[in-house]
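Here are the chains, one letter per residue:
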Amino acid sequence: MMGRRPEPPIRRPPGALIAEAQAVHLARGGRTVLDCVDLPVRAGSLLALLGPNGAGKSTLLAALSGDLSPNSGRVLLHGRPLHDYRAQDLALQRAMLPQSSPVSFPFSAVEVVRMGRAPWARHATLDEDERAVTEALTATDTHHLADRPYPALSGGERARIALARVLAQQTQLLLLDEPTAALDLRHQELVLRTARTRASAGDAVVMVLHDLSLAAAYADVIALLHQGRILAQGRPEEVLEASTLSAVYGCPVDVFSHPTHGTPMVVPVRERKV
Amino acid sequence: MQGVFGNPLADPGVIGVSSGGAVGAVAVIVSGVRVFGQWTASVAAFVGGLVTVFAVYLMSRSGGRTEVLTLVLTGIAVNALGGALIGILLFLADPVAVNEVAFWQLGSLSQATWPQVVAVLPFAVVGLVVAPRFAGRLDLLALGEGPARHLGVDVERLRLALITLVAVLTAAAVAVSGIIGFVGLAVPHLLRMAAGPGHRFLVPGSALGGGVVLVGADLAARTVAAPAELPLGVLTALLGSPVFFWLLRRSRLARGGWA
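Residues numbered from 1 in each chain as written. Chains lettered and ligands numbered in written order. Predicted model: local features only at pLDDT ≥ 70, side-chain atom pairs only at ≥ 80, totals over all residues.

With that settled, consider the overall build of chain A. When you go through chain A residue by residue, the secondary structure sums to 9 helices and 12 strands. Over its C-alpha atoms chain A spans a radius of gyration of 19 Å, differing by no more than 12% from the 19 Å that the globule rule assigns to 274 residues. The burial tally for chain A puts 46% of its 274 residues in the buried class. (Helix = DSSP H or I, 4+ residues; strand = E, 2+ residues; numbered from the N terminus. Rg over C-alpha atoms; globule rule 2.2 N^0.38 Å. Buried ≥ 20, exposed ≤ 12 C-beta atoms within 10 Å, placed from the backbone.)

Each helix and strand counted, chain B has 12 helices and 2 strands in total. For chain B, the sequential pattern of α-helices and β-strands runs α-α-α-β-β-α-α-α-α-α-α-α-α-α. Looking at the 259 residues of chain B, the share that counts as buried comes to 42%. In chain B, 74% of the contacts between residues at least 6 apart in sequence involve partners at least 24 apart. (Contact = placed C-beta atoms within 7 Å.)

Here we come to the pairing of strand 7 (residues 173-177) of chain A. Along a regular strand, successive side chains alternate from one face of the sheet to the other. Residues and elements named next belong to chain A. With 5 of 5 residues buried, strand 7 is to be regarded as a mostly interior element. Residues L173, L175 and D177 of strand 7 are buried on one face, and the alternating residues L174 and L176, pointing to the opposite face, are buried as well. Summarising the sheet, strand 6 (residues 94-97) and strand 7 pair through 4 bridges and their orientation is parallel. Directly across from A95, in strand 7, lies its bridge partner L174. As paired strands, strand 7 and strand 8 (residues 204-208) are joined by 5 bridges and run parallel to one another. Bridge pairing in strand 8 links D177 to V208. The β-α-β motif built from strand 7, the intervening helix 6 (residues 185-200) and the parallel element strand 8 has right-handed crossover chirality. (Pairing = 2+ DSSP bridges. Right-handed = clockwise from strand over helix to strand, strands pointing away.)

This part is about the sheet that holds strand 5 (residues 80-81) of chain A. Taken together, 4 strands build an open sheet; the order of strands is 2-1-4-5 (chain A) and the sheet is antiparallel. Each edge of the open sheet carries a strand with a single partner, namely strand 2 (31-42) and strand 5 of chain A.

The next subject is the sheet that holds strand 3 (residues 45-50) of chain A. Residue and element names in this part refer to chain A. Taken together, 6 strands build an open sheet; the order of strands is 6-7-8-3-9-10 and the sheet is mixed. Of all strands in the sheet, those with a lone pairing partner are strand 6 and strand 10 (229-234), marking the two edges. This sheet shows a mean twist of 15° between the axes of neighbouring strands, independent of strand direction. (Axes fitted to C-alpha atoms, helices over the stretch in contact; angles between N-to-C directions.)

What follows concerns the pairing of strand 4 (residues 72-77) of chain A. Residues and elements named next belong to chain A. Here 5 bridges tie strand 1 (residues 17-28) to strand 4, and the two strands are oriented antiparallel to one another. Looking at the pairing, H25 lines up with S72 of strand 4. Two elements, strand 4 and strand 5, share 2 bridges in a ladder whose sense is antiparallel. Looking at strand 5, one finds that L76 is bridged to P81. Two successive antiparallel strands, strand 4 and strand 5, enclose a turn made up of 2 residues, where H78 displays a positive phi of approximately 50°.

Take the UniProt feature "domain: ABC transporter" (unreviewed entry) in chain A next. Using the residue numbers shown here, the UniProt feature "domain: ABC transporter" (unreviewed entry) corresponds to residues 19-252 of chain A. Helix makes up 35% of residues 19-252 of chain A and strand 26%, with an end-to-end C-alpha separation of 34 Å. (UniProt positions renumbered as here; feature names shortened; annotations may be inferred.)

Contacts between the two partners involve 23 residues from chain B, matched on the other side by 22 residues from chain A. Going through the elements one at a time, helix 7 (135-141) and helix 8 (145-150) of chain B are the ones with two or more residues in the side of chain B that touches chain A. Of the residues that constitute the side of chain B that touches chain A, the class distribution is 9 nonpolar, 9 polar and 5 charged. (Nonpolar A, V, L, I, M, F, W, Y, C, P; charged D, E, K, R; others polar.)

Residues and elements named next belong to chain B. Averaged over all residues, the pLDDT of chain B equals 70, while 51% of them reach at least 70. Predicted confidence in chain B is weakest over helix 1 (residues 2-5), with a mean pLDDT of 56, and strongest over helix 8, with 83. This complex was scored by the predictor with a pTM of 0.78 and an ipTM of 0.77. (pLDDT = per-residue confidence, 0-100.)

Residue and element names in this part refer to chain A. The geometry of helix 4 (residues 126-139) relative to helix 5 (residues 155-168) is characterised by a closest axis approach of 8 Å and an angle of 140° between their N-to-C directions. By the angle between their directions, the pair helix 4 and helix 5 is classed as oblique. Where helix 4 crosses over helix 5, the two elements pack in a sense that is right-handed. Of helix 5, the residues touching helix 4 (which contributes A132, V133, A136, L137 and A139) are A164, L167 and A168. Grouping the constituent residues of the contact of helix 4 with helix 5 by class yields 8 nonpolar, no polar and no charged. (Parallel < 35°, antiparallel > 145°, perpendicular 65-115°, else oblique. Left-handed = near helix turned anticlockwise from the far one by under 90°.)

Turning our eyes to something else, we now look at helix 4 of chain A. All names here are of chain A. Here helix 4 spans 20 Å end to end across 14 residues, near enough to the 20 Å set by a 1.5 Å rise per residue. Within helix 4 the residues assigned to the buried category are A132, V133, A136, L137 and A139. End-on view of helix 4: buried residues confined to an arc of 165°, all on one side of the axis. The secondary structure elements touched by the buried residues of helix 4 are helix 3 (109-115), helix 5 and helix 6. In the segment just after helix 4, D141 is the residue with positive phi, at about 60°. (Expected span 1.5 Å × (residues − 1). Arc of directions from axis to C-beta.)

Printed below as a string of structure tokens:
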């Protein structure tokens, strides 16, 4: 168990390649879910994975986290295949927020956030741990929830505490699966701003999102998935194009520019109310 | 156990240690085999318990991973099978053996003599020393398997290690005392309600608390109906359940449920 020394976490400068999917093919239950997917993930960049339900977004995230192994192709982290890492070393390099985060026993919210510090047991001091926990609570606006039992929190409160746990892990690679799903408008913006701040500070953030306008407003790069393939990847204004989106989502959409700052806004074509 | 399965219903019985041990013990009692003299039933219970646990574990494993639900369901099926086997053995047995089996199943410390205590002691000591080292990782497992893995826990290895540990401990206990129900389920709950869900306290606390409850119950069992001795397993379940119901309701109201 204690055989090899723990590897200290690596931090790379903005723009550097952190993780990479190379020709990843992945099948689940006999169905191809990812088909020849190439995706670079860079430090200092916020990458949004978009696409309709069942396009393979969460599967791609699971492949990047090491939860699922590709049938062919490979996933690299700092140039090394994921399966080459031990779980405890990996935990210092990447953090993952799953779609839902149930906790089986009535731990308090702050205890749950503190669990995010577990990988640092042999690398950080108690002071550093506490500082990371406090910062994570501040970033998610959850100080007032700290002592409440986690199972008694509302869906949105749980989602923010779960995000705080992931932030407290302080990894350079952050994988977030629909971090805004259960949140109201204000907290959606809070979460995206937090992700934006982390990316600007040099982290690599990958998140699955459903709100196209939200992705356009905050992401540096968007990858649009459809039927297990990456259809387009690039800056929001390149990827979010009305005819492509209408075809991919099977629903006609309009793309506008925001009147003051010009970021794309995507709205389904709707008839006027009578 | 509840930590390993991330499920407040789990106790060692779930993975079949107790029923496997019972089948082993009943088989030798009924068949009248006496290879190890008076120790035969204990040895058979120990072996039966361990074999059953590993059978359950192997059957519920697929593709290098164990799904908790599969594990629990397999355990339930194995428990049913164990019950059936015991039934068949009782059906074939003579009345004296049936009587002996009935009392063994109800559980009692009356058969626990010093030599037996000495035989079990090494298992208990190893268990008590090793178990708390897993406390931190057990806490993380409460987040679920995926998140625990993301936080650096080798979930499969942890689970195998803990199941082995629990199997050895329980098999050793069942071997000397028979099945004493409810302590394994109730004591951790009582402590969790009193001191919170952190396993750093819960694991050693449960061992101690379980021991205290058991000794207390044994004392009561021997004195209440003296000179007769009530079966200990009956007493723990009889008194334990109402207390447990009450605490359950109270803590549900106070804390807003389990999950």
